[in-house]
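# Breakdown of the fold
Each chain, written out:
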Amino acid sequence: MSAPPLESGPSPETAPDALAGFTVGVTATRRREEFGALLERRGARVLSAPAIRLVPLAEDADLLAATRAALAAPLDDVVVTTGVGFRGWMAAAEGWGLSADLVGHLSAARLLTRGPKARGAVRAAGLNDHWTPAGESCEEVKRHLLAQDLRGRRVAVQQHGEPLTEFVADLRRAGAEVIEIPVYRWLPYRDIAPLRRLISQTVSGAVDAVAFTSAPAVHAMLGAARAEGLEERLLAAFSGTVVAACVGPVTAAPLASRGVRTLQPDRARLGALARALARHLPEHGVTRLVAAEHQLEIRGHAVAVDGELRPLPPAPMAVLKRLAERPGHVVSRADLRTVLPGSAARDSAEHAVEMAVTRLRRALGPSGIVETVVKRGYRLACHYGPSGHELDGREPSGHELDGHELDGRELDGRELDGRELGGRELGGRELGGREPSRSWTGS
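The paragraphs below set out a description of the structure included in this document. Every chain is numbered on its own, with residues counted from 1 as its sequence reads. Local features in a predicted model are, by the rule used here, given only for residues with pLDDT of at least 70; side-chain atom pairs are given and counted only at 80 or more, and totals for whole chains, interfaces and linings are based on all residues. Based on all heavy atoms of the structure, the side-chain values leave hydrogens and waters out of the count.

This part is about the pairing of strand β2 (residues 45-48). Two strands qualify as a pair provided DSSP detects at least 2 bridges between them. Helix and strand definitions follow DSSP, with helices as H or I runs of at least four residues and strands as E runs of at least two, each counted in order from the N terminus. Bridge analysis of strand β1 (residues 23-26) against β2 gives four bridges, and the strand direction is parallel. Bridge pairing in β2 places Val-24 opposite Val-46. For the crossover from β1 across helix α1 (residues 32-40) to β2, the handedness is right-handed. If you view a crossover with the strands going away from you and the path from the first strand over the helix to the second runs clockwise, you call it right-handed.

Okay, here's the thing in structure tokens:
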């Protein structure tokens, strides 16, 4: 059961507090400072965990060999997948003394650019682009080529960090001679400790979203999780409460193939990805309710109490989120023990729950938001019934349970259909202050 949402105006995606209270992991290597700043300006807590690094192009013997193979004969088609890769290829060719030869071959070929950035890099080099797909995908480029007779054509395909195995195989089956151009290669980031920490935090639910800007970064994170025996739990987290935000469909493909739904912007740009997160998380990652006449907005690592944002440590936040799953209903200490970070023996765990509740109450500020129910547990001071109706001390269908009314009939020691209830007996069943067929603990 969830509390009915409070009415509130839309949160602008560019507002400085749009992502306040949320934690976003960033796996990017290139432009990670720029992307992190876009998120931080919207109030997010950013965890930087670079997943991959680039091999310097001039030192890449594979690229040199591929370039010489491409220059061995005229090229008919050249597929340019990324702007940064194309610029790097041109710069590396210049360093090898092959720039003029490469420009001559490219000028005589049809240049198919995957998206606007690739097209811009081609034009900046003084070359003419032939065609760019509307969806900015390699699949569209492949379909465009396969719609033509490729027999005997020489096609150079610029890779974008990983082999385009199926793409290349389909062109070869159609009769093309394909030269793969590995303009840059990705390797695991030298210091993988931040990535390991991000994996652990993702699995435990300590982050609200992880942002990916390249498919190799996705592969690197899944590979690092696999090495730690956490790959399935990581995928489960992305399929659950943690948002996997990808800059575009190419980046999202490794997760989509594992059945993970991703958040993607309308355009494959870092700014658009930041705006998509700023729209999605406040809309889908906030629990809104009223407790003790105070408005609460529970976010990733913080709660807004009457509009004032209050960061919470992991243990109090875990308790608050569990209580908010059933607002107004009692949650036992045993249940709350299961959501606390780490593991402990029963006695110490009982103390940990009490300490977490104490810290939660202190952080929330106003008294009375979290109530103690003696010998039973804790609850948020909400009055919501199972259909979201405010109870005001009574359950909507009329089934009062503490010696009041049951379907209009009194229970506090009086008669129901001729049967005495002072001994709490109804048809041989002990009531003990509870309704025989179901229990309502929120009123």
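Glancing now at the pairing of strand β6 (residues 154-158). Relative accessibility under 20% of the residue-type maximum defines a buried residue, over 50% an exposed one, and the middle range a partly exposed one, all with a 1.4 Å probe and only protein chains included. Among the five residues of β6, five are classified as buried, and the element is accordingly described as predominantly covered. By the alternation rule, side chains of β6 split into Arg-154, Ala-156 and Gln-158 and Val-155 and Val-157, which are all buried. Here three bridges tie strand β4 (residues 77-80) to β6, and the two strands are oriented parallel to one another. Counterpart to Asp-77 in the pairing with β6 is Val-155. Where β6 and strand β7 (residues 177-181) come together, five bridges link them in parallel fashion. Each residue of the ladder has a partner; that of Val-155, found in β7, is Val-178.

The next thing to look at is the sheet that holds strand β10 (residues 243-246). The strands making up a sheet associate through hydrogen bonds between their backbones, and the pairing can be parallel or antiparallel. Read across the open sheet, the four strands follow the order β2-β1-β9-β10; overall the sheet is parallel. Every other strand in the sheet has two partners, leaving β2 and β10 as the edge strands with one partner each. Across the sheet, the axes of successive neighbouring strands diverge by a mean angle of 25 degrees, strand direction being ignored. Any two residues whose heavy atoms approach within 4.5 Å at even a single point are treated as in contact. For helices, the fitted axis covers only the stretch in contact; all axes are lines through C-alpha atoms, and the angles between them, taken along N-to-C directions, range from 0 to 180 degrees. Across the face of the sheet, α1 comes into contact with β1, β2 and β9 (209-212) while running at roughly 160 degrees to β2. Relative to β10, helix α12 (residues 270-284) is tilted by about 155 degrees, and along the sheet it contacts β1, β9 and β10.

Those residues of helix α4 (residues 99-107) lying buried are Leu-102, His-105 and Leu-106. All buried residues of α4 lie within an arc of 95 degrees about the axis, which places them on one face of the element. Facing away from the buried side of α4 by over 90 degrees, the exposed positions are Ala-100 and Ser-107. For α4, the secondary structure elements touched by its buried residues are α2 (61-70), β4, α3 (83-95) and β5 (110-113). In this context, the arc is that of the directions from the helix axis out to the C-beta atoms.

Aromatic rings from Phe, Tyr and Trp, with only the six-membered ring used for Trp, were paired whenever their centres fell within 6.5 Å, and each pair was classed as stacked if the ring planes differed by under 30 degrees, edge-to-face if by over 60, and tilted otherwise. One pass over the full model with this rule turns up two aromatic pairs. Where Phe-86 meets Trp-89, the ring centres are 6.5 Å apart and the plane angle is 85 degrees; that geometry is what we call edge-to-face. Pair noted here: Phe-86 and Trp-89 are both in helix α3, with a separation of three residues, about one helical turn. For Phe-86, a relative accessible area of 1% gives the class buried. Overall, the relative accessible area of 1% leaves Trp-89 in the buried class. Residues Phe-212 and Phe-238 carry aromatic rings whose centres are separated by 6.0 Å and whose planes lie at 75 degrees to one another, so their mutual orientation is edge-to-face. On the criterion of sequence distance, the pair formed by Phe-212 in strand β9 and Phe-238 in helix α10 (residues 231-239) is long-range, its members being 26 residues apart. With relative accessibility at 1%, the residue Phe-212 sits in the buried group.

Take the pattern of salt bridges next. Each salt bridge in this description consists of a side-chain nitrogen of Lys or Arg and a carboxyl oxygen of Asp or Glu lying within 4 Å of one another. This structure, assessed with the given rule, holds 25 salt bridges. In this structure, Glu-33 engages Arg-32 in a salt bridge whose closest nitrogen and oxygen atoms are separated by 4.0 Å. For Glu-33, a relative accessible area of 55% translates into the label exposed. A relative accessible area of 22% places Arg-32 in the partly exposed class.

Turning our attention to helix α8 (residues 193-203). Taken as a whole, α8 has its buried residues at Pro-194, Leu-195, Leu-198, Ile-199, Thr-202 and Val-203. Turning to α8, the residues buried within the fold contact β1, β2, β9, α9 (215-227) and α10. A positive backbone phi angle near 80 degrees is found at Gly-205, which sits one or two residues after α8.

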